[in-house]
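Chain by chain, the residues run as shown.
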Amino acid sequence: TYTYNGSAAQGFVISAIDSDFEISAGSGYSLKDNNIIGVKEGTTATEMLKAFEDSCKVFDRDGNQVTSGKICSGYIMRKYSGSFVASTAVINVSGDCDGDGKVTAKDVIRAEKKSAALETELYFYAADINGDGAVNSSDVSLIANIAIN
């Protein structure tokens, strides 16, 4: 279970097997530890869903289905088998360390000040831009680059 603002991520228990999701080749997305990574700032729900099977749906942190608009870190992708949820994964927008869908100076500060704490938080994979398994000064620099461009 991931935490969000000190509590379980709105009741979601993340328990998928990475291979449960089929992602279109060339989409830039990949799965790591039940997290969808490689999502760029500004990606819309419509764009993202095109890379996944028709049985997948996106939900915000409050459990509302998202069919349009920009994706934020902490949103959930669900794969359905009929009316049952077969798999879930957390969506991570690269550099969006606070879940607002934008990469700003706030994200740089959060990654810099909380690099160790982020490893146990919902936004770890959003902050670990270089994918080395840790949030460090290299990631902070990459987030800063995204924020200013």
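Preceding this section is the structure that the text describes.
First, a word on what this report is: a plain description of the structure on this page. Remember, predicted model here, so these are calculated numbers, not experimental data.

Further remarks concern the overall build of the protein chain. Scanning the protein chain from N- to C-terminus turns up 4 helices and 8 strands. When the helices and strands of the protein chain are read in sequence order from the N terminus, they spell out β-β-β-β-α-β-β-β-β-α-α-α. Here the protein chain holds 149 residues, and the buried ones make up 44% of them. Expressed as a percentage of contacts within the protein chain between residues at least 6 apart in sequence, the contacts between residues at least 24 apart total 50%.

With that out of the way, let us pick up unusual backbone geometry. Phi angles above zero are rare outside glycine, and Asp33 is one such case at about 50°. Tracing the backbone through its elements, the reader meets Asp33 in the loop between strand 3 (30–32) and strand 4 (35–39). Residues other than glycine seldom take positive phi values, yet Asn34 does so here, at roughly 65°. Tracing the backbone shows Asn34 in the loop between strand 3 and strand 4.

With that out of the way, let us pick up the side chain of Thr43. As for its placement among the helices and strands, Thr43 is situated in the loop between strand 4 and helix 1 (45–50). For Thr43, the side chain forms a polar contact with the main-chain oxygen of Lys40, separated by 2.6 Å. Non-local contacts of Thr43, meaning those with residues more than four positions away in its chain, are made with Tyr29, Met48, Gly69, Lys70 and Ile71.

It is worth spelling out the packing of aromatic side chains at this point. Overall, the coordinates contain 3 aromatic pairs when judged by the stated rule. Note on Tyr29 and Phe52: the rings are 6.1 Å apart at their centroids and 20° apart in plane angle, and the pair reads as stacked. Separated by 23 residues along the polypeptide, Tyr29 in the loop between strand 2 (7–8) and strand 3 and Phe52 in the loop between helix 1 and strand 5 (56–59) bring together distant segments of the chain. The class of Phe52 is buried, set by a relative accessible area of 6%. Ring geometry for Phe124 and Tyr125: centres 4.9 Å apart, planes at 75°, overall edge-to-face. The same class applies to Phe124 as to Tyr125, namely buried. Linked through ring pairs, Phe21, Tyr29 and Phe52 together constitute an aromatic cluster. We note Lys57 situated over the ring of Tyr80; from NZ or CZ to the ring centre the distance is 5.0 Å.

This paragraph deals with the environment of Phe59. Counting through the fold element by element, Phe59 comes out in strand 5. Since its relative accessible area comes to 7%, Phe59 is described here as buried. Distance in space between the C-alpha atoms of Phe59 and Tyr75 is 5.7 Å, their sequence separation being 16 residues. Those residues in contact with Phe59 that lie beyond four places of it in its chain are Asn64, Gln65, Val66, Tyr75, Ile76, Arg78 and Tyr80.

Definitions and limits used
Along every chain, residues carry numbers that run from 1 in the direction the sequence is written. Only residues with pLDDT of at least 70 are given local features in this predicted model, and only at 80 or more are side-chain atom pairs given and counted; all residues enter the totals for whole chains, interfaces and linings. Calculated side-chain values reflect all of the structure's heavy atoms, with hydrogen atoms and water omitted. Helix and strand assignments follow DSSP, with helices taken as H or I runs no shorter than four residues and strands as E runs no shorter than two, numbered in order from the N terminus. Remark: exposure states derive from per-residue accessible area (1.4 Å probe, protein chains only) relative to the maximum for the residue type, with buried under 20%, exposed over 50%, and partly exposed in between. Pairs of residues are marked as contacts when any of their non-hydrogen atoms sit within 4.5 Å. Definition of a polar contact: a pair of N or O atoms within 3.5 Å, with one able to donate and the other able to accept a hydrogen when the atoms are protein atoms, and with sequence-neighbouring residues admitted only if both atoms are side-chain atoms. Centres within 6.5 Å make a pair out of two Phe, Tyr or Trp rings, where for Trp the six-membered ring is used; the pair is then stacked when the planes are under 30 degrees apart, edge-to-face when over 60, and tilted otherwise. Charge-over-ring contacts are defined here by two conditions on Lys NZ or Arg CZ: a distance within 6 Å of the ring centre and an angle within 35 degrees of the ring normal.

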